[in-house]
Amino acid sequence: MRTRNFAHRGFKGEFPENTMLAFEEAYKAGADGIELDVRLTRDKEVVIFHDENVDRLTEGKGTVDSYTLKELQAFKIKDPKRPDLMEQTIPTLADYLNWVKDTPLLTNIELKTKDEKDRELEEKVAELIRRHGMQSKLIVSSFYQDRLERIISQLPEVQTALLVPHFNESVITDSKNLPVDFIHLKAVSVTPEVVEEAHRHGKAISTWTVNDYEDMKKLNELVLFAIITDFPDRLKALQKEEE
Ligand code: G3P
Ligand code: CA
């Protein structure tokens, strides 16, 4: 099985990140899966949005969780590289699951925010995954072990991944103790030795965020579960060349 092609925040390289347009375009570009980020609104709806604050991506100011869903969806997503595409709004996880369930795509939901006040995030995400019957087509990841523990206890049938910027021995121990199925490692930390070590302990590796052609080529030669990229079209082309 070749390494899966996961689109980071959708087709982020060419379209406004974490929008339905970026997800649809990633699918058209040949992605096998979509990586996206979730957090809660003030009225406890699960929205797809990377940053804690709305400032970088909208005309608004302040934290996502200081707005209701209705207030957030009044903002248009701004993307300096695509001033022609200013009509996208912040999607809910429910919007996304409704769309993706009729495609063959896998999904990697990343649980954002270490904030204690967002403790209901896992419960809400689990409920949405269950309601859409998406348990077998998903991986839930997080940098935060308490969030992974909660999602594993609420949805034990779903695969999970520990996100880590740098590899060390405690990564293997933590991944076994939680336990998660995957380790999602920053590309700079991925070597053949690390992949082998993870496999020895029954853990598959995926890596992020790989956009450079030479890096893609090198990583594509290893036995990885997925490469997460802003440019699913580039990875698709490279994998086609190497078929
Ligand atoms: O899931 C991998 C990657 O998305 C983690 O970093 O900041 O892009 O969410 P970030
Ligand atoms: Ca992410």
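Before reading on, note that the structure itself is shown above.
Residues numbered from 1 in each chain as written. Chains lettered and ligands numbered in written order. Predicted model: local features only at pLDDT ≥ 70, side-chain atom pairs only at ≥ 80, totals over all residues. Heavy atoms only, no water.

A. Summary view of the overall build of the protein chain. The helix and strand tally for the protein chain stands at nine helices and nine strands. In terms of overall size, the protein chain behaves like a compact globule, its C-alpha atoms giving a radius of gyration of 17 Å where 243 residues would be expected to give roughly 18 Å. Projected onto its principal axes, the C-alpha coordinates of the protein chain cover approximately 50 × 40 × 30 Å. A buried classification covers 56% of the 243 residues belonging to the protein chain. Sequence separation of 24 or more characterises 55% of the internal contacts of the protein chain that already satisfy a separation of 6 or more. Surface summary for the protein chain: the accessible area is close to 10900 Å², and the carbon and sulfur share equals 49%. (Helix = DSSP H or I, 4+ residues; strand = E, 2+ residues; numbered from the N terminus. Rg over C-alpha atoms; globule rule 2.2 N^0.38 Å. Buried < 20%, exposed > 50% of the residue type's maximum accessible area, 1.4 Å probe, protein only. Contact = heavy atoms within 4.5 Å. Areas by Shrake-Rupley, 256 points an atom, 1.4 Å probe, with all protein chains shown as cover.)

B. Local environment of the pairing of strand β4 (residues 106-111). With five of six residues buried, β4 lies mostly within the body of the structure. Judged from the six bridges that link them, strand β2 (residues 33-40) and β4 form a sheet pairing that is parallel. Counted as the bridge partner of E35 is N108 from β4. Looking at chain direction, β4 and strand β5 (residues 138-142) are connected through four bridges and run parallel. Note that in β5 the partner of T107 across the bridge is L138. Considered for its hand, the β-α-β crossover made up of β4, helix α4 (residues 121-131) and β5 is right-handed. (Pairing = 2+ DSSP bridges. Right-handed = clockwise from strand over helix to strand, strands pointing away.)

C. Structural view of the coordination of the calcium ion (ligand 2). Distances from the calcium ion (ligand 2) to its protein donors, E35 (OE), D37 (OD) and E110 (OE), fall within 2.2 Å. Donor residues binding the calcium ion (ligand 2) come from one chain and are separated in sequence as E-x1-D-x72-E. By the burial criterion, E35 is buried, and D37 matches it. (Donors = N, O, S within 2.8 Å, 3.2 Å for Na, K, Ca; no water.)

D. Region of interest: the site of ligand 1. Near ligand 1, the surroundings consist of H8, R9, E35, D37, H50, E110, K112, L163 and W208. Measuring from an oxygen atom of ligand 1, one finds a side-chain N or O atom of H8 at 2.8 Å. In isolation ligand 1 offers 290 Å² of accessible surface; the protein chains occlude 89% of this area. (Near = heavy atom within 4 Å. Polar contact = N/O pair within 3.5 Å; in protein donor to acceptor, adjacent residues only side chain to side chain.)

E. Examining the environment of L162 more closely. Within the secondary structure, L162 is located in strand β6 (residues 159-164). Taking the C-alpha atoms as reference points, L162 and I90, separated by 72 residues in sequence, lie 26 Å from one another. When neighbours within four sequence positions are excluded, L162 is seen to be in contact with S142, Q145, L148, V171, D174, S175, L178, V180, F182, I183 and H184.

F. Summary view of the packing of helix α3 (residues 93-100) against α4. Two numbers describe how α3 lies on α4: the axes approach to 10 Å, and their chain directions differ by 25 degrees. In terms of orientation, α3 lies roughly parallel with respect to α4. Viewed along their axes, α3 and α4 form a crossing whose handedness is right-handed. Mapping the contact onto sequence places L93, A94 and L97 in α3 and V125, L128 and I129 in α4. Considered class by class, the residues forming the contact of α3 with α4 number six nonpolar, no polar and no charged. (Axes fitted to C-alpha atoms, helices over the stretch in contact; angles between N-to-C directions. Parallel < 35°, antiparallel > 145°, perpendicular 65-115°, else oblique. Left-handed = near helix turned anticlockwise from the far one by under 90°. Nonpolar A, V, L, I, M, F, W, Y, C, P; charged D, E, K, R; others polar.)

G. Helix α1 (residues 20-28), seen in detail. For α1, every residue scored as buried is listed here: M20, L21, A22, F23, E25 and A26. Considering only its buried residues, α1 is in contact with β1 (4-8), β2, β3 (46-48), α3 and α9 (232-241). One or two positions beyond α1, positive phi appears at G30, with a value near 105 degrees.

H. Fine view of the nonpolar core. Residues L36, V38, L93, Y96, V125 and I129 are the most contacted members of the largest nonpolar core, which totals 60 residues. Ignoring anything within four residues of it in the chain, the contact list for L93 reads L36, V38, V46, V47, I48, I109, V125 and L128. V47, V64, L72 and I90 belong to the second largest nonpolar core, which has 11 residues in total. (Core = buried A, V, L, I, M, F, W, Y, C linked by side-chain atoms within 4.5 Å.)

I. Structural context of the pattern of salt bridges. In total, this model carries 21 salt bridges according to the counting rule given. For R9, the salt bridge goes to D37, with nearest N and O atoms at 3.9 Å. With a gap of 28 residues between them, R9 in the loop between β1 and α1 and D37 in strand β2 connect regions that are remote in the sequence. The two residues R9 and D37 agree in class, both being buried. (Salt bridge = Lys/Arg side-chain N within 4 Å of Asp/Glu carboxyl O.)

J. Local environment of the packing of aromatic side chains. Here the structure, examined in full by the defined rule, presents eight aromatic pairs. Here the aromatic rings of Y27 and W99 are separated by 6.3 Å at their centres, their planes lie at 80 degrees, and the arrangement is edge-to-face. Taken as a pair, Y27 in helix α1 and W99 in helix α3 lie far apart in primary sequence, 72 residues in all. Among the residues examined, Y27 registers a relative accessible area of 35% and is labelled partly exposed. Grouped by ring-pair contacts, the aromatic residues F23, Y27, Y96 and W99 constitute a single cluster. Here the basic side chain of R234 rests over the ring of F231, its NZ or CZ set 3.6 Å away from the ring centre. (Phe/Tyr/Trp six-rings, centres within 6.5 Å; stacked < 30°, edge-to-face > 60°. Lys NZ or Arg CZ within 6 Å of the ring centre and 35° of its normal.)

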